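Report on the structure
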Amino acid sequence: MVKTLLSLFIILFSMQVFAQDSLIIKREYANKQYVNLYKENADFAYTSPYGELGAPSKYVINGRLTTTYMLLGSYKSPIAFSIIPDFTVRVRDEFSAGVRTPSYRLGFAAYARLNKNPENYKYAELAFTHHSNGQDQNALNQDGSVNTLTGNFNANYLTASYRFGHLTPTRVNESFYSFNHRLGLQWYKFFRYEPALDLGFGFTRLLYNFSLRKYDQIERNAKSKPKVKTEKETWRLNTEVSYAVNKIPAKNLANLQKRLNAEINFNYSFPFMNNVFLMAAVGYYGEDNYNIYFQDRYGYLRFGLSSGFLRNRSKHYDN
């Protein structure tokens with residue numbers, strides 16, 4: 001009887017330990033996979049000849065360089081931290097090909113995993129960002145207009161986001177899709193900012209982003225090497241919408257022309273491309289987000305190349 005009870009105790013104890021170990025493994029796997037999600041959901045960098053077609057100014061080339069440095073992305077923690085540098089320049093179509101006022105953004109982001117299933121993910125994100133243009137002259141000209149040549153621009157803001165999405169089951173042809181959403185709120189007035197922005201800046205914005213992505217299995221054969229299949233993101237459709245809800249002089253809350261910023265862009269990667277897309281975008285700035293140009297509003301087209309952190313894994317296979 002004693003041996004039976006002892007055996008039963010050992011079995012129950014072993015099951016409990018196994019269950020705890022399994023739970024730990026699941027958590028560690030989720031933590032690792034979520035770090036990849038944080039990077040995949042980051043904004044793309046791009047290079048665009050002629051820049052925003054339709055802008056009041058003409059450009060030779062525009063470029064955005066951004067990445068994500070994961071300071072903390074451990075498989076042991078559901079919390080992660082990153083530094084996000086984000087630099088945008090517009091080279092003007094003029095004799096000197098000047099840039100004048102680049103946009104420098106430096107951000108810090110914290111992420112919190114909200115579930116353990118990376119294929120139906122949910123996480124929260126809080127970011128602080130400093131935005132300036134490297135100029136130190138008066139933001140306003142003597143006539144009261146905004147100095148877009150050498151005028152100072154500086155602002156700091158918080159962005160709180162809830163991100164969620166899911167992967168579809170793999171199809172017969174080994175392709176699958178992901179649906180990705182972001183709901184957010186952006187605040188500026190908690191921090192110091194250039195006083196000229198009181199002329200009419202979107203200090204508080206509601207954000208919504210949606211991204212549809214398609215993944216395929218690409219066969220790659222090389223001489224003297226095993227055959228592999230690479231999981232490649234073939235294309236990505238992004239939509240971005242933000243709407244200013246703070247008080248703006250002479251602009252009521254329903255004034256779409258001033259308050260709305262929106263863009264839809266399509267990014268396609270040929271099989272021979274590695275971590276790069278052909279990019280085409282159409283959008284509208286009610287408030288141009290290029291620093292001191294915040295009073296400009298216009299529709300635009302943009303074409304070029306884009307890149308980011310992409311889902312791209314390889315695996316060996318046999319015939």
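As a reminder, the structure under discussion sits directly above these lines.
Residues numbered from 1 in each chain as written. Predicted model: local features only at pLDDT ≥ 70, side-chain atom pairs only at ≥ 80, totals over all residues. Heavy atoms only, no water.

Considerations on the pairing of strand β4 (residues 79–92)
As defined by bridge partners, strand β2 (residues 59–66) adjoins β4 across 7 bridges and the pair is classed as antiparallel. Pairing of Leu65 across the sheet is with Phe87, part of β4. As defined by bridge partners, strand β3 (residues 69–72) adjoins β4 across 3 bridges and the pair is classed as antiparallel. Within β4, the residue paired with Met70 across the bridge is Ser82. Between the antiparallel neighbours β3 and β4 lie 6 residues. Pairing of β4 with strand β5 (residues 103–113), which is carried by 10 bridges, proceeds in the antiparallel orientation. (Pairing = 2+ DSSP bridges. Helix = DSSP H or I, 4+ residues; strand = E, 2+ residues; numbered from the N terminus.)

Points about the nonpolar core
Nonpolar side chains tend to gather and get buried jointly when the protein is soluble and globular. With 14 residues, the main nonpolar core has Phe153, Tyr188, Leu197, Phe201, Ile292 and Phe294 as its most contacted residues. Setting aside chain neighbours within four positions, we find Tyr188 in contact with Ala155, Asn156, Tyr157, Phe201, Gly202 and Phe203. With 9 residues, the next largest nonpolar core counts Tyr34, Ala80, Tyr111 and Tyr123 among its residues. (Core = buried A, V, L, I, M, F, W, Y, C linked by side-chain atoms within 4.5 Å. Buried < 20%, exposed > 50% of the residue type's maximum accessible area, 1.4 Å probe, protein only. Contact = heavy atoms within 4.5 Å.)

Topic: a nonpolar patch on the surface
On the surface, a nonpolar cluster with roughly 540 Å² of combined accessible area is contributed by Tyr50, Leu53, Ile264, Val282, Leu301 and Phe303. A relative accessible area of 38% means that Leu53 is categorised as partly exposed. (Patch = residues over 30% accessible without salt bridge, like charges linked within 9 Å, V, L, I, M, F, W, Y side chains within 5 Å. Areas by Shrake-Rupley, 256 points an atom, 1.4 Å probe, with all protein chains shown as cover. Salt bridge = Lys/Arg side-chain N within 4 Å of Asp/Glu carboxyl O.)

Topic: the environment of Asp136
Inspection of the secondary structure assignment puts Asp136 in the loop between β6 (120–132) and β7 (154–167). The class for Asp136 is exposed, based on a relative accessible area of 66%. Separated by 18 residues in sequence, Asp136 and Asn154 have C-alpha atoms that sit 9.8 Å apart. Sequence-distant contacts of Asp136, defined by excluding residues within four places in its chain, comprise Thr150 and Asn152. Polar contacts involving the side chain of Asp136 include one to the side chain of Gln137, which spans 3.2 Å. (Polar contact = N/O pair within 3.5 Å; in protein donor to acceptor, adjacent residues only side chain to side chain.)

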